[in-house]
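Listed here are the chains, written in short residue letters.
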Amino acid sequence: QAQLEESGGGLVQAGKSLRLSCADSGRTFDKQALAWFRHVPGKERDFVAAINWSGGVTYYSDSVKGRSTISRDNTLKTMTLEMESLKPEDTGVYYCAARSVRWYSLESREYEFWGQGTQVTVSS
């Protein structure tokens, strides 16, 4: 069972870069697809980026495409999201999610394991 914990959030200035990390203390990390979602009060969790089980295939939302990189290390059981040129619209609580299949989904409801989230606030 995946046990996920995010880190790396905080207050950053627009235009700067940020790296979010997700660590899994479970035992099936390399069998799971992973994703990042962002939540803003009053809205559903929005898809940000995803990566398949091996890290060979990734997918990004239009809002972060071109300025973000998702990666994973199945030995260290970690996943990262590196974002650059941060914008105020990037503000939100970022969640790490996993599901027990090797391919990712863009739908939050298809992920059964979630971290507690890490707050990212981008100031102008």
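I will try to describe carefully the structure that is included in this document.

Now for the sheet that holds strand 7 (residues 68–73). Pairing is antiparallel across the open sheet formed by four strands, whose spatial order is 1-3-8-7. Of all strands in the sheet, those bounded by a partner on one side alone are strand 1 (4–7) and strand 7. Between one strand axis and the next, the sheet turns by 15° as a mean value, whatever way the strands run. One ladder, built from six bridges, connects strand 7 with strand 8 (residues 78–83); its direction is antiparallel. If you follow Thr69 over to strand 8, its bridge partner there is Glu82.

Among the nonpolar cores identified, the biggest contains 25 residues, and Trp36, Ile70, Met79, Leu81 and Tyr94 are the most heavily contacted of them. Residue contacts for Leu81: discarding those within four places in its chain leaves Leu18, Arg19, Leu20, Trp36, Val48, Ala49, Ser68, Thr69, Ile70 and Tyr94. Of all hydrophobic cores here, the second largest spans eight residues; its members include Ala35, Phe37, Phe47 and Tyr104.

Moving on, we get to the pairing of strand 11 (residues 118–123). The alternating pattern of strand 11 places Thr118, Val120 and Val122 on a buried face and Gln119, Thr121 and Ser123 on a face that is not buried. Sheet topology places strand 2 (residues 10–13) next to strand 11; four bridges connect them, and they run parallel. What sits directly across from Val12, in strand 11, is Val122. The sheet contact formed by strand 9 (residues 92–99) and strand 11 spans three bridges and is antiparallel. Considered in strand 11, the bridge of Gly92 is made with Val120.

Within the fold, Ser61 resides in the loop between strand 6 (58–60) and strand 7. Among the residues examined, Ser61 registers a relative accessible area of 11% and is labelled buried. Looking at Ser61, its side chain comes within polar contact range of the side chain of Ser63, at 3.0 Å. Beyond its immediate chain neighbours, meaning those up to four positions away, Ser61 contacts Phe47 and Val48.

With the rule as written, the count across this model stands at eight aromatic pairs. Judged by centre distance (5.2 Å) and plane angle (50°), the rings of Phe37 and Trp114 are tilted. Of this pair, Phe37 sits in strand 4 (residues 33–39) while Trp114 sits in strand 10 (residues 113–114), and the two are 77 residues apart along the sequence. When its relative accessible area of 0% is taken as the criterion, Phe37 is described as buried. Accessibility expressed as a relative area gives 24% for Trp114, which makes it partly exposed. Taking the centre distance of 6.0 Å and the plane angle of 40° together, the rings of Phe47 and Tyr59 count as tilted. Taken together, the positions of Phe47 in strand 5 (residues 46–51) and Tyr59 in strand 6 put the pair 12 residues apart, joining distant regions of the chain. The exposure class assigned to Tyr59 is partly exposed, which follows from its relative accessible area of 37%. Through successive ring pairs, a cluster of aromatic residues spans Phe37, Phe47, Tyr59, Tyr95, Trp103, Tyr104, Tyr111 and Trp114. The lysine or arginine in question, Arg102, covers the ring of Trp53, its NZ or CZ lying 5.8 Å from the ring centre.

Cut-offs applied
- Residues numbered from 1 in each chain as written.
- Predicted model: local features only at pLDDT ≥ 70, side-chain atom pairs only at ≥ 80, totals over all residues.
- Heavy atoms only, no water.
- Pairing = 2+ DSSP bridges.
- Helix = DSSP H or I, 4+ residues; strand = E, 2+ residues; numbered from the N terminus.
- Axes fitted to C-alpha atoms, helices over the stretch in contact; angles between N-to-C directions.
- Core = buried A, V, L, I, M, F, W, Y, C linked by side-chain atoms within 4.5 Å.
- Buried < 20%, exposed > 50% of the residue type's maximum accessible area, 1.4 Å probe, protein only.
- Contact = heavy atoms within 4.5 Å.
- Polar contact = N/O pair within 3.5 Å; in protein donor to acceptor, adjacent residues only side chain to side chain.
- Phe/Tyr/Trp six-rings, centres within 6.5 Å; stacked < 30°, edge-to-face > 60°.
- Lys NZ or Arg CZ within 6 Å of the ring centre and 35° of its normal.

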